[in-house]
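# Per-entry structural report
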Amino acid sequence: MRTCRTLFVTATVVVTEAYIGSPSRKSAFLGLQEVSPRFVSSTEMRMDTEKDFIDAKARYNLDQLLHDSYPSSISISQAEAAQGMPWKSSIDPKYPEEDLLYMPFWEWHMSFMKENLTNLRVMPCTNGKTDFSYNENTQKKARIVSLSASSSEYRKIRMTYYDAGENTQVYNAVFYPDPKYNLPVLGIDLLAFNRKKYLAIVDFQPLHENEEDHATTYEHRLQPIKELYENLKGRMSSKFYDETQFFSQQMLFSRFEDETIISNELFPAFQSYVQTHLDLIREVDPVEADIDMVLKRQKAYDTYSAERDPATGLFTAMFGEEWAMDFVHDFLFSMSERPTTRSRPQQLQRPQTPIGVKETVGAARP
């Protein structure tokens, strides 16, 4: 039990540092050893063109086949309700129901999709052997639910909510445009830890280094939205992610302690970015000749993200290593290349908890 709890605390610290860096850990996480993630070198990122094309194209063709064949009688509302979503209370009975902080984001996003996307279909959350739509750890009072869909506008839509009571609340979503649209990916990460620390990222994550290489430029449309929200203009840590790769200059980023920012700034900014992303798709002419190139870039995005996702350690601690790796590579970033070798999580000493600091500190990035 003690080893599992140590791994959980360590994993959550690693996730937090992926965004906010390490200066604050000296006071809050005294005595915790470093966990060094494996970074992909620039050489490794140069994937073989022919293999890249075959793998990405095959995955896209499979997705299209599933989209066309999956029963349209299964509505997205039915898929949502199958897991009891939207949840009205936490898995932790001590956690007040009104404190499922990001459930309004999930609910609004669901309504937005139903009202605005064409040919919206539920897609299976599985890799053929594991159903990723729901998992829980009742002992540690944590659960995770996911929903997958596609539409004429988006090749893949995935939404995940992670509920660990007061320790952690997370809403994560990624929207991949259909590859006939050479446009950025819409990425959303909203996190809350112990009702004290909050992190938020909403971004049009570029497929290319130069904005002009997309079908159209878009950052000039995001800038006036971002300017409205002073508390969403922060910068993320570079410990895990490189801001120059797959992040735009107009990324909404914030780390804050004032919970009112969620409703006053984050929620309306999130809504505006989601609407603007769909507007962008509707205003750009589809180009069938771009499909192969866009698929390669979406695959590169998935591989980059899967290799650096600091939440893998948390998933491992909560749901087991096999489930965690499959969830990351087969669902969250389903076009990603798995690493050929992988070290197991390090065994870490139990951290010393400073007086006045809670023993369990949670964070996640599903």
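Looking at an unreviewed UniProt entry, one finds the protein named 15,16-dihydrobiliverdin:ferredoxin oxidoreductase and attributed to Fistulifera solaris. Its UniProt record gives the protein a comment under Sequence similarities (unreviewed entry), which states: "Belongs to the HY2 family."

### So, the overall build of the protein
In terms of regular secondary structure, the protein is built from 11 helices and eight strands. For the protein, the residues scored as buried account for 55% of the 366 residues in total. A separation threshold of at least 6 residues defines the contact pool for the protein, and within that pool the share at least 24 residues apart is 72%. On the protein, roughly 16000 Å² of surface is accessible, and the fraction owed to carbon and sulfur atoms is 48%.

### Examining unusual backbone geometry
Backbone torsion omega between M85 and P86 reads -5°, so that peptide bond is classified as cis. Residue position: P86 is located in the loop between α5 (76–81) and α6 (103–116). A positive phi is found at N119, a non-glycine position, where the angle reads about 55°. Mapped onto the elements of the fold, N119 is located in the loop between α6 and β1 (121–123).

### Some remarks on the packing of aromatic side chains
Overall, the coordinates contain 22 aromatic pairs when judged by the stated rule. Note on Y102 and F105: the rings are 5.7 Å apart at their centroids and 70° apart in plane angle, and the pair reads as edge-to-face. The two residues Y102 and F105 agree in class, both being buried. Their ring planes at 70° and their centres at 5.4 Å tell us that W108 and F270 sit as a pair that is edge-to-face. Within this pair, whereas W108 is found in helix α6, its partner F270 is found in helix α8 (residues 260–283), the two being separated by 162 residues in sequence.

### Focus on the environment of V328
Mapped onto the elements, V328 comes out in helix α11 (residues 321–332). Exposure remark for V328: the relative accessible area of 1% places this residue in the buried category. Expressed as a C-alpha distance, the spacing of V328 and A311, which sit 17 residues apart in the sequence, is 9.0 Å. Not counting residues up to four positions away in its chain, the partners in contact with V328 are A306, T312, F315 and F333.

### Overview of the pattern of salt bridges
Two side chains of opposite charge can pair, provided their charged atoms sit close to one another. Applying the stated criterion across every chain, the model contains 13 salt bridges. Put simply, E227 and K233 hold a salt bridge, and the shortest N to O gap is 3.3 Å. We classify E227 as partly exposed; its relative accessible area is 47%. A salt bridge links D330 to R338; the shortest N-O distance between them is 3.0 Å. A residue is classified by how much of its surface remains accessible, and D330, at 22% relative accessible area, is partly exposed. Note on R338: relative accessible area 38%, which makes it partly exposed. Here the residues in one salt-bridge network are K129, E322, D326, D330 and R338, joined through shared partners.

### Overview of the environment of S151
Checked against the element boundaries, S151 lands in the loop between β3 (142–150) and β4 (154–163). Separated by 26 residues in sequence, S151 and P177 place their C-alpha atoms 9.2 Å apart. Side-chain polar atoms of S151 contact the side chain of E153, separated by 2.9 Å.

### Focus on the packing of helix α7 (residues 219–227) against α8
It is the contact of α7 with α8, at a shortest axis distance of 11 Å, that shows an interaxial angle of 165°. Looking at the two axes, α7 sits roughly antiparallel to α8. Crossing of α7 over α8 shows right-handed handedness. Taken together, the residues of α8 that come into contact with α7 (itself represented by R221, L222, I225 and K226) are S272, Y273, T276, D279, L280 and E283. Residue classes in the contact of α7 with α8 are distributed as four nonpolar, two polar and four charged.

### A closer look at the pairing of strand β5 (residues 168–177)
Summarising burial for β5: 10 of the 10 residues are buried, a large majority. Two strands pair when backbone bridges link them, and β4 and β5 are joined in this way by nine bridges, in the antiparallel orientation. Directly across from K156, in β5, lies its bridge partner Y176. Linking two consecutive strands that pair antiparallel, namely β4 and β5, is a turn of four residues; a positive phi of about 65° is found at G165 within it. Relative to strand β6 (residues 185–193), β5 runs antiparallel, the two being bridged by eight bridges. If you follow Y171 over to β6, its bridge partner there is L190.

Calculation criteria
- Residues numbered from 1 in each chain as written.
- Predicted model: local features only at pLDDT ≥ 70, side-chain atom pairs only at ≥ 80, totals over all residues.
- Heavy atoms only, no water.
- UniProt positions renumbered as here; feature names shortened; annotations may be inferred.
- Helix = DSSP H or I, 4+ residues; strand = E, 2+ residues; numbered from the N terminus.
- Buried < 20%, exposed > 50% of the residue type's maximum accessible area, 1.4 Å probe, protein only.
- Contact = heavy atoms within 4.5 Å.
- Areas by Shrake-Rupley, 256 points an atom, 1.4 Å probe, with all protein chains shown as cover.
- Phe/Tyr/Trp six-rings, centres within 6.5 Å; stacked < 30°, edge-to-face > 60°.
- Salt bridge = Lys/Arg side-chain N within 4 Å of Asp/Glu carboxyl O.
- Polar contact = N/O pair within 3.5 Å; in protein donor to acceptor, adjacent residues only side chain to side chain.
- Axes fitted to C-alpha atoms, helices over the stretch in contact; angles between N-to-C directions.
- Parallel < 35°, antiparallel > 145°, perpendicular 65-115°, else oblique.
- Left-handed = near helix turned anticlockwise from the far one by under 90°.
- Nonpolar A, V, L, I, M, F, W, Y, C, P; charged D, E, K, R; others polar.
- Pairing = 2+ DSSP bridges.

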